Amino acid sequence: MDIRIPLGFEMAGVHCRIKRDPQKPDLTLIVSDRPCAAAGVYTRNLVFAAPVALDSSRTPSDQIRVVVVNSGNANACTGERGMRDAQEMARLAAESVGAKAHQALVLSTGIIGEFMPMDKIEQGIAAAAVKLGRSEACLLSAARGMLTTDTVHKVAGQTVTIDGREVSILGMAKGAAMMGPNMATMLAVVMTDAPLDPDTVQELLSTTTDKTFNCMSVDGHMSTNDTVLFLANGAVGGDLLEGAALEEFRKAFEEVCEDLARSIPADGEGCTHLVTLDVEGCADRESARRLARTVANSVLVKTAIAGADPNWGRIVSAAGYAGVPFDPSQVCLHLNGTLLYENGAPVPFDQKAVSQSIRDGKDVHIVLRFGEGNASIRFWTTDLTTEYVRLNADYHT
């Protein structure tokens, strides 16, 4: 794996018996050898988990040293006890690496409404602390410790030279369903050894999340636990990144986050297609996002893709109920490079050929163009299959 762990960071993942399968890690520790500038973006669901409450109260910060992640239990809808458990997780994680309690953040994912098995959590943190390292095996075990119904781990990274300094960015994420972020279940941690202050870290994360993690949906269900954390420990040394150097870093950071965001619907539960939806020609970006999200979450659009049916009517009509005003006579639609609908009317096309193009590949590309302005957005979603229904009907870790 040609991805470098940023300087100063170590990590590990272990099985602490939250999950039934002993082959699946369910607790991860990510540790910096020095305090990090840290920021977070969080679910906007009014029903949010205890770790979200804890982390949002502690970020932005210039003091964070450790993140503890568990999978299999979301610690959501668990009242005051849930908050005490999240605080205790933070304390135990910090203590295990010689940090202070307020220097720890907590991420949890899994079943909602069950109390944390704190005896297992305590044992898991202790076990992970002695396995911390910078090897590929440590990275993979940490990435896998975040997963629930995911079929693959999700890791992305870049190393770039900025002002003569070799800066590394590494991100890991989880998510395959309950996915409709608005900062689903979606967690991500991105870390770098670049020198950045907390305000810059927060600005980078917020603006980049808007372009990446908030531009994908599997089923439109916003989780109680959605969190993306960004940690910068400055271990490469030198002055804070500013000006052109900061913009160069921003580009690489956005690419890492886009890779992670795209990997989540690509692993959507039971999905057979990853759909990239480009919405263009809108009055403003928020209108484009609303149109894209409405089309992406349409059950009829998603099932048409699953059935390799180039049913443009479902796509166009979904746009029509998004609550965004537009002139229907200006709408154009391409699917996998073929024009299906132009200026408000259908055009002749080879339906069998377009259907075959959907059936033969995992990637589907839809371009929906309006005549209202110059704003655009790229959005990712999936098809909807009977396997998705089966997995979510049967799911209870």
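Note that this is a predicted model, so its numbers are computed, not measured.

Procedures and definitions
Residues numbered from 1 in each chain as written. Predicted model: local features only at pLDDT ≥ 70, side-chain atom pairs only at ≥ 80, totals over all residues. Heavy atoms only, no water. Core = buried A, V, L, I, M, F, W, Y, C linked by side-chain atoms within 4.5 Å. Buried < 20%, exposed > 50% of the residue type's maximum accessible area, 1.4 Å probe, protein only. Helix = DSSP H or I, 4+ residues; strand = E, 2+ residues; numbered from the N terminus. Contact = heavy atoms within 4.5 Å. Phe/Tyr/Trp six-rings, centres within 6.5 Å; stacked < 30°, edge-to-face > 60°. Lys NZ or Arg CZ within 6 Å of the ring centre and 35° of its normal. pLDDT = per-residue confidence, 0-100. Salt bridge = Lys/Arg side-chain N within 4 Å of Asp/Glu carboxyl O.

## Some details on the nonpolar core
Alright, step 1. Counting 69 residues, the largest nonpolar core has L196, F230, F249, F253, V279, L291 and F370 as the members making the most contacts within it.
Alright, step 2. For this core, the leading source of residues is helix α6 (residues 243-266), giving 10 residues.
Alright, step 3. Setting aside its immediate chain neighbours within four residues, V279 contacts A288, L291, A292, L368, F370, A375, S376 and I377.
Alright, step 4. Core analysis: the second largest hydrophobic core is formed by 28 residues, A12, L29, A94 and V106 among them.

## What about the packing of aromatic side chains?
Alright, step 1. Across all of its chains, the model carries 5 aromatic pairs by this definition.
Alright, step 2. Site record: aromatic cluster; members linked through ring pairs are F230, F249 and F253.
Alright, step 3. We note R81 situated over the ring of F115; from NZ or CZ to the ring centre the distance is 4.0 Å.

## Things to note about the confidence of the model for the chain
Alright, step 1. On average, residues of the chain score 92 in pLDDT, and 94% of them are at 70 or above.
Alright, step 2. Low pLDDT, under 50, characterises residues 178-184; the predicted model gives this stretch 46 contacts beyond four residues in sequence or across chains.

## Comments concerning the pattern of salt bridges
Alright, step 1. Counted by the stated rule, this structure contains 16 salt bridges.
Alright, step 2. Between E247 and R250 there is a salt bridge, with its nearest N and O atoms 3.2 Å apart. With E247 and R250 both in helix α6 and 3 residues apart, this pair spans about one turn of that helix.
Alright, step 3. In this structure E247 comes out as partly exposed when scored by relative accessible area, which is 43%.
Alright, step 4. Note that E286 and R289 form a salt bridge whose closest N and O atoms lie 3.4 Å from each other. Taken together, the residues span about one helical turn, with E286 and R289 both in helix α7 (residues 285-297) at a distance of 3 residues.
Alright, step 5. Beyond isolated ion pairs, a larger network of salt bridges with shared partners links D210, R285, E286 and R289.

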